[in-house]
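Structural overview
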Amino acid sequence: MDLSGEWRLRDVQGEYDLAMQLPGDGITALHRAGVIPDPYFGRNEFDLRWIAERDWVVSRSFVHAAGPADLVLDGLDTVADVILNGTTVLQAANAHRRWRVPVDLHPGENHIEIVFRSSVQAAAAAQTTMPFHIPYQKVNGPIPHANMLRKPQCDFGWDWNIALAPFGLWGRVALEAAPAVGDIFVSQRHSVGVADVTVRVAGATGPVTATLCGQRTTAEAVAGEAALQVRIPDPDLWWPVGQGAQVLHDLVVTCGQTSVTRRIGLRDLALVSAPDAAGRSFGFAVNGRPVFARGANWIPADALHGRITRDGVRDLLQSAVDAHMNMIRVWGGGRYEPDWFYDLCDEMGLMVWQDFMFACHLYPSTPAFLAEVDAEVRDVVGRLNHHACLALWCGDNELIGALTWFEESRRDRDRYLVNYDRLNRCIEGALRAVLPVANWWPSSPSPGPMAFGDAWHDDSSGDMHVWSVWHEGRDFAHYRDVKPRFCSEFGFQSYPSMPVIAGFAETADWNIASPVMESHQKNPGGNARIAETMFRTFRFPNNFANFVYLSQVQQGIAIHTAVTAWRALKPHCMGALYWQLNDTWPVASWSGLDHGGGWKLLHHMAQRFFAPLTVVAVPEANGGVMLRVINDTPAPVRVTVVAHAADMSGATRALSEAVLDAPTDRAADALHIPAGALDAAEILSFVWVTEGGQGGGDIHAPRPWKAYDLRPARIECAITQDGATYLLTLATHALAPFVAVGADVPGRFSANAVTLFPGTPGQIRFTPATAAATPTFTLRDLHSATCAVPERT
Ligand code: BMA
């Protein structure tokens, strides 16, 4: 019996009594009932912290046949007592787990209550029981002590998140018969033309049968567990997007009268990390083929889990694929996502780097805490291990670096390092106990197993987080000084797009220093960093909307600089996952997608700089530029590369061209532009085209844009309607870099932040999210955003 749907929510003080949907969260329920305003609007956040200070009761009645049943609760968030007909049947404190409790039901009406204790108070109380103080990072915890609770760590605030500490339940709530089988663990070994699949079925008795691709095996369960081997000849393989098809097969496990199905992909997905001349490599090989990982970091789809929908998440993941990403990293400060999230990734061919949920703070290693972590890891791995998309299990986010962030752990590193290692051993041990062949990486960033060095600045080994440009204020060119083996985090902030800002700020607040805008910026100094970078890069924008526009352009330039530099290092570097794909609420952040799923200019630029086949400009110390071709497709491609010099009028002059076969295993030099080939007033413009007619183009400005005397572009825009889509034809009168179109209704542009040359009109399609929408378009370009606006007299 499904118990989801409408429940009642009341506080223990007796002030509120209202309807609440489960699955859902209490803050969303209060908002939907009209009790509180939209938490994301203006500065409402700060008036709503009282909610998390209280204890709340969620309850309902139901009629059920008398007798035993299992009460199933997934994602119970977090410190909760479950009371059935007056008896406490569960006391839980881990939002990441599934709970299954045998209960006895009354004949007729039964009453169930879930008492949610204030997680804010529970976290503070837990700290007082620790044998020594376990510090948390204040910028990522405006509500203190999140590290004490097994709850999404960003719920207590983060340097991009609202701090509301929601409570509720995000998975199933149901009554079920006791299951015939427990978790199913799938591992694979591939050799030429054969896949050997091992299926371990926990919680089974008697004979168990596994059927896969027409092959059937039966084994008797021993001590509650059955191990089955299925050999698949000529397996139809699963590939990440861009490498081949996403073939999924039903694995059917039958025990007695019960059959359960897991959709699996047959693939050999290896973490390749071995000592080499530079240090230690890091990358992934799928079915024996090294695959450069292009992607971004995933954070929860909304700060309030009651607002998350499968369609919304599908849209975000599809946007990742549409921007040519093949990997996302489910970052350790959020949550293990629901099963359907990984189903979507399987289907889309998006590899998942899965962190365990520990981030940026220090954590306890008391026996009770480790016992909870051990149970959590076994539970999560039991739930998710069979997914084709799962490429890596990673111990945590930035816990090694965090040892240097606190007075206590700097003073007594031995204690806190041992404390950390106990946690890390616990996670690895639990993972290997249930999935011995798992791809495991101890932490992100990490130079490798048993290495505890500075993976923020050491580019020799393992995965790296490069934050020097954003957090240390280095210029964009610094990305080129770093040669990561795999960069799993690097980012640069921008403001959300204007329609998103209009959703949380009155026009009177449209100023980056207004209290409302400042409260939608959670990184101390973030606005100053954006403004200061703008000074370095552009002439200053002439109004708020253009400030927002330039913030997105410079974010795109920053990440373009890093990604093109590191893709050009393939195979020394085998991955670039920028920080971050999405937003949890409308906020200034490092995301490429706005809250709600709209594309910021970065995401449009990512669609180009992540294209499987591309040509990138690598500046040389002497002023020359090497154009390198990168081919991440499965086969070599013949490419023609043509370079021009362009001045600010948009006039071009041919420089040189080359034809070459682009290999798949490494980036290759394509065309050299010697120092002095460009005049000071010129930029480099280059295009490429394959024999199959596919191509692209890019520009490289050797100096910051503010150094060039841009001319008025006076862009003319003709709009025609073609069914549900709009075609914008843009013609410029001068070189126009980063031309951006916007719409006042949700929808998708086919391209954005494009460079226009006179005489070559650009075409951009806009498809509104709803066909009936009648969009009004805005048009921005670098010159008009930064030219002097005459003062009105
Ligand atoms: C990285 C992430 C997050 C954070 C981001 C921006 O360290 O792991 O903790 O939001 O930097 O500061």
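Our subject is the structure that appears above.
All of the points below concern the structure found in this document. Predicted model only: the values in this text are computed from it and were never measured.

1. Focus: the packing of aromatic side chains
With the rule as written, the count across this model stands at 43 aromatic pairs. Feature note: the residues Tyr16, Trp50, Trp56, Phe116 and Phe167 constitute an aromatic cluster, connected by ring pairs. The positively charged end of Lys138 is found above the aromatic ring belonging to Tyr136, 5.3 Å away from the centroid. Positioned above the aromatic ring of Trp470, the side-chain terminus of Arg529 is 5.8 Å from the ring centre.

2. Some thoughts on the site of the ligand
As a matter of local geometry, the ligand sits amid Trp158, Asp159, Trp160, Trp331, Cys360, Asn397, Glu398, Trp467, His471, Glu489, Trp579 and Trp590. In this structure, an oxygen atom belonging to the ligand sits 3.1 Å away from a side-chain N or O atom of Trp331. Protein coverage of the free-state accessible area of the ligand, which is 300 Å², stands at 96%. Class assignment of the residues belonging to the shell around the ligand gives a composition of 7 nonpolar, 2 polar and 3 charged.

3. Re the environment of Thr28
Relative to the assigned elements, Thr28 resides in helix 1 (residues 26–32). Thr28 gets classed as buried once you look at its relative accessible area, which sits at 4%. Separated by 470 residues in sequence, Thr28 and Met498 place their C-alpha atoms 25 Å apart. Not counting residues within four places of it along the chain, the set of residues in contact with Thr28 comprises Leu304, Gly306 and Arg307.

4. So, helix 4 (residues 339–348)
Where helix 4 is concerned, the buried positions are Phe341, Tyr342, Leu344, Cys345, Asp346 and Met348. Here the buried face of helix 4 lies against strand 19 (258–264), strand 23 (293–298), helix 3 (310–322), strand 24 (327–330), strand 25 (351–355) and helix 5 (367–384). Positive phi shows up at Gly349, right after helix 4, with a value of about 80°.

5. Details of the sheet that holds strand 32 (residues 625–631)
Through backbone hydrogen bonds, the strands of a sheet pair up, either in parallel or in antiparallel fashion. Taken in spatial order, the 3 strands line up as 31-32-35 in an open sheet, and their pairing is antiparallel. The open sheet has two free edges, formed respectively by strand 31 (613–619) and strand 35 (668–673), since each of these has just one partner strand. Across the sheet, the axes of successive neighbouring strands diverge by a mean angle of 25°, strand direction being ignored. With 5 bridges joining them, strand 32 and strand 35 adopt antiparallel strand pairing. Within strand 35, the residue paired with Val625 across the bridge is Ile673.

6. Focus: the environment of Ala662
Here Ala662 is to be found in strand 34 (residues 652–662). Along the primary structure Ala662 and Arg628 are separated by 34 residues, whereas in three dimensions their C-alpha atoms are 9.5 Å apart. Once residues lying within four places of it in the same chain are set aside, the contact partners of Ala662 are Val629, Asn631, Pro636, Val637 and Val639.

7. A word on the sheet that holds strand 5 (residues 67–74)
Spatially, the 3 strands line up as an open sheet ordered 9-5-12, and their pairing is antiparallel. The outermost strands of the open sheet, each flanked by one partner alone, are strand 9 (98–105) and strand 12 (173–176). Strand-to-strand twist across the sheet, computed as the mean angle between neighbouring axes with direction ignored, equals 25°. Looking at chain direction, strand 5 and strand 9 are connected through 8 bridges and run antiparallel. Across the sheet, the residue bridging to Asp74 is Arg98, located in strand 9.

8. Digging into the environment of Pro300
Positionally, Pro300 belongs in the loop between strand 23 and helix 3. You can call Pro300 buried: its relative accessible area is 4%. Excluding anything up to four places from it in sequence, Pro300 contacts Cys154, Gly334, Arg335, Glu337, Asn582, Asp583 and Thr584.

9. Structural notes on helix 8 (residues 413–434)
Compared with an ideal rise of 1.5 Å per residue, which puts 22 residues at 32 Å, helix 8 spans 32 Å between its outermost C-alpha atoms and is within 8% of the ideal. Among the residues of helix 8, Tyr416, Asn419, Tyr420, Leu423, Asn424, Cys426, Ile427, Glu428, Ala430, Leu431 and Val434 are the ones counted as buried.

10. Some thoughts on the pattern of salt bridges
Here the structure, examined in full by the defined rule, presents 46 salt bridges. With a shortest N-O distance of 2.7 Å, Glu45 and Lys522 are connected by a salt bridge. Of this pair, Glu45 sits in the loop between helix 1 and strand 4 (56–64) while Lys522 sits in the loop between helix 11 (515–519) and helix 12 (526–537), and the two are 477 residues apart along the sequence. Relative accessible area serves as the criterion here: at 17%, Lys522 is assigned to the buried category. For Arg536, the salt bridge is made with Glu532, and the minimal N-O distance between the two is 2.9 Å. Here Glu532 and Arg536 lie together in helix 12, a separation of 4 residues that amounts to about one turn. A residue is classified by how much of its surface remains accessible, and Glu532, at 34% relative accessible area, is partly exposed.

The rules behind each value
Residues numbered from 1 in each chain as written. Predicted model: local features only at pLDDT ≥ 70, side-chain atom pairs only at ≥ 80, totals over all residues. Heavy atoms only, no water. Phe/Tyr/Trp six-rings, centres within 6.5 Å; stacked < 30°, edge-to-face > 60°. Lys NZ or Arg CZ within 6 Å of the ring centre and 35° of its normal. Near = heavy atom within 4 Å. Polar contact = N/O pair within 3.5 Å; in protein donor to acceptor, adjacent residues only side chain to side chain. Areas by Shrake-Rupley, 256 points an atom, 1.4 Å probe, with all protein chains shown as cover. Nonpolar A, V, L, I, M, F, W, Y, C, P; charged D, E, K, R; others polar. Helix = DSSP H or I, 4+ residues; strand = E, 2+ residues; numbered from the N terminus. Buried < 20%, exposed > 50% of the residue type's maximum accessible area, 1.4 Å probe, protein only. Contact = heavy atoms within 4.5 Å. Pairing = 2+ DSSP bridges. Axes fitted to C-alpha atoms, helices over the stretch in contact; angles between N-to-C directions. Expected span 1.5 Å × (residues − 1). Salt bridge = Lys/Arg side-chain N within 4 Å of Asp/Glu carboxyl O.

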